[in-house]
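If you want the building blocks of each chain, they are given just below.
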Amino acid sequence: MKRILTGVALATTAALVTATPALAAAPKDPVVAVKKQLAAGKGVKFTERTTVDDGNARQVFLRRSGTLQFSKSGVAASDITGKLNISASDLQGLDESGEDAELASMLKAMAQPERTIRIGTTSYVSGNIWATQMPEGKTWFKAPNGPTGGLLGAFGQPLNLAEPATLKTLLKGAKATGSGYAGKTLVRDLWKASPWLRATWMDKPSAKTQKAAISWRITVNKAGLPTRLVTTFPMSALGVGGKGTVSVDTGYTGWGSAVSIKAPPAEEVTSTFKDGESDISETLDLPLGSIAG
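Residues numbered from 1 in each chain as written. Predicted model: local features only at pLDDT ≥ 70, side-chain atom pairs only at ≥ 80, totals over all residues. Heavy atoms only, no water.

Some words on the sheet that holds strand β3 (residues 75-84)
The strand order β7-β8-β9-β10-β11-β1-β2-β3-β4-β5-β6-β12 describes an open sheet built from 12 strands, whose pairing is mixed. Each edge of the open sheet is held by one strand with a lone partner, namely β7 (175-176) and β12 (269-270). Relative to strand β6 (residues 140-144), strand β5 (residues 122-127) runs antiparallel, the two being bridged by four bridges. Bridging from a neighbouring strand, Ser123 pairs with Ala143 of β6. (Pairing = 2+ DSSP bridges. Helix = DSSP H or I, 4+ residues; strand = E, 2+ residues; numbered from the N terminus.)

Structure below.
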């Protein structure tokens, strides 16, 4: 009888083991996967959507698309186009000849796309508000140590997953999910790790802002390469007023594809605005936060 019972127990155990679904394998390490992609002339494309929630309404604020070009050490160049979610109907009724003429002109310009080409640490910006400041015959402004995404970049994705150091920072204390990783990371830690973030935001965050947390979720493919990144953070993390929340949803495609980003034609480039100024900081300080809110 004991032999029979033992046989039944073994058979039942075998059946249960067979019937139990296999546990999902942990996703591959994206740091290792991304490092393998870093080669001269290679890159990745992305598209993204920034949504702002001010507590009363949630709406798309900005859409961007772009290409990153790699070197052996990281991002060597980028070409990014962004457009605020402003349509022609939003501009109807603006008085372009009265007291609000300056505001109307600015909003009309900001409804246009902005493009930023960055080679090394030199940025070339065009379109959007920049178009109103260009000397005749010039369409690009050259800014040494310029921003990665022009004026609109501050509301784009703050995390650049093509930076291994940034990925390492994110993955400290992160949780593996079925399709990737998720976690929270302080602005101060990202600021230290990411040259991209420092070049995007330009100004160092205040001590209070550095304590803000960015929640994030990364989806990776079978090779461990990121295919999607969703971040959520308080608007105060951008150094602007209000109690709103910003969410940026970025999709990545074409890891390792051939990429060649070049500076605009020299004859179209200027290093001074039509008023003779060469400092872009005043334009970068436009109150986008009030528009977002």
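A few points about unusual backbone geometry
Even without a glycine there, the phi angle at Asn128 is positive, about 50°. Tracing the chain through its elements places Asn128 in the loop between β5 and β6. The phi dihedral of Met202 is positive, around 70°, even though this residue is not glycine. Of note, Met202 is situated in the loop between α6 (195-201) and α7 (207-210). The exposure class of Met202 is partly exposed, given its relative accessible area of 34%. (Buried < 20%, exposed > 50% of the residue type's maximum accessible area, 1.4 Å probe, protein only.)

Some remarks on the environment of Thr122
Counting through the fold element by element, Thr122 comes out in strand β5. With 141 residues separating them along the chain, Thr122 and Ala263 place their C-alpha atoms 9.3 Å apart. With residues near it in sequence (within four places) discarded, Thr122 still touches Ile117, Lys142, Ala143, Pro144 and Asn145. (Contact = heavy atoms within 4.5 Å.)

What to know about the confidence of the model for the protein
The predicted model of the protein has a mean per-residue pLDDT of 87, with 85% of residues at 70 or higher. Averaged pLDDT values over the elements of the protein bottom out at 39 in helix α1 (residues 2-19) and peak at 98 in strand β4 (residues 114-119). Below pLDDT 50 for its whole length, residues 1-24 participates in zero contacts with residues either more than four positions away or in separate chains. (pLDDT = per-residue confidence, 0-100.)

Observations concerning the side chain of Asn160
Note on placement: Asn160 falls in the loop between β6 and α4 (164-171). Taking relative accessible area as the criterion, Asn160 reaches 3% and is therefore assigned buried. Polar side-chain contacts of Asn160 include one of 2.9 Å to the backbone nitrogen of Ala162. Beyond its immediate stretch of four places on either side in the chain, Asn160 contacts Leu68, Val75, Thr166 and Trp196. (Polar contact = N/O pair within 3.5 Å; in protein donor to acceptor, adjacent residues only side chain to side chain.)

A look at a negative patch on the surface
Taken together, the side chains of Asp203, Asp275, Glu277, Asp279, Glu282 and Asp285 define an acidic patch exposed on the protein surface. You can see Asp275 is positioned in the loop between β12 and α8 (281-284). Exposure remark for Asp275: the relative accessible area of 58% places this residue in the exposed category. (Patch = residues over 30% accessible without salt bridge, like charges linked within 9 Å, V, L, I, M, F, W, Y side chains within 5 Å. Areas by Shrake-Rupley, 256 points an atom, 1.4 Å probe, with all protein chains shown as cover. Salt bridge = Lys/Arg side-chain N within 4 Å of Asp/Glu carboxyl O. Lys, Arg positive; Asp, Glu negative; His and termini not counted. Charge placed at Lys NZ, Arg CZ, Asp CG, Glu CD.)

With respect to the nonpolar core
Within the largest apolar cluster, 55 residues are counted, with the highest numbers of intra-cluster contacts made by Trp130, Ile218 and Trp255. Once residues within four sequence positions are removed from consideration, Trp130 is found in contact with Glu114, Val125, Leu151, Phe273, Ile280, Thr283 and Leu284. In this structure, Ala77, Ile117, Trp140 and Ile261 belong to the second largest nonpolar core, which totals seven residues. (Core = buried A, V, L, I, M, F, W, Y, C linked by side-chain atoms within 4.5 Å.)

Considerations on α4
Among all positions of α4, only Pro164, Thr166, Leu167, Thr169 and Leu170 are buried. Close packing links the buried residues of α4 with α2 (30-37), β8 (180-186), α5 (187-193) and β9 (213-220). Positioned one or two residues after α4, Gly173 has a phi angle of 80°, which is positive.

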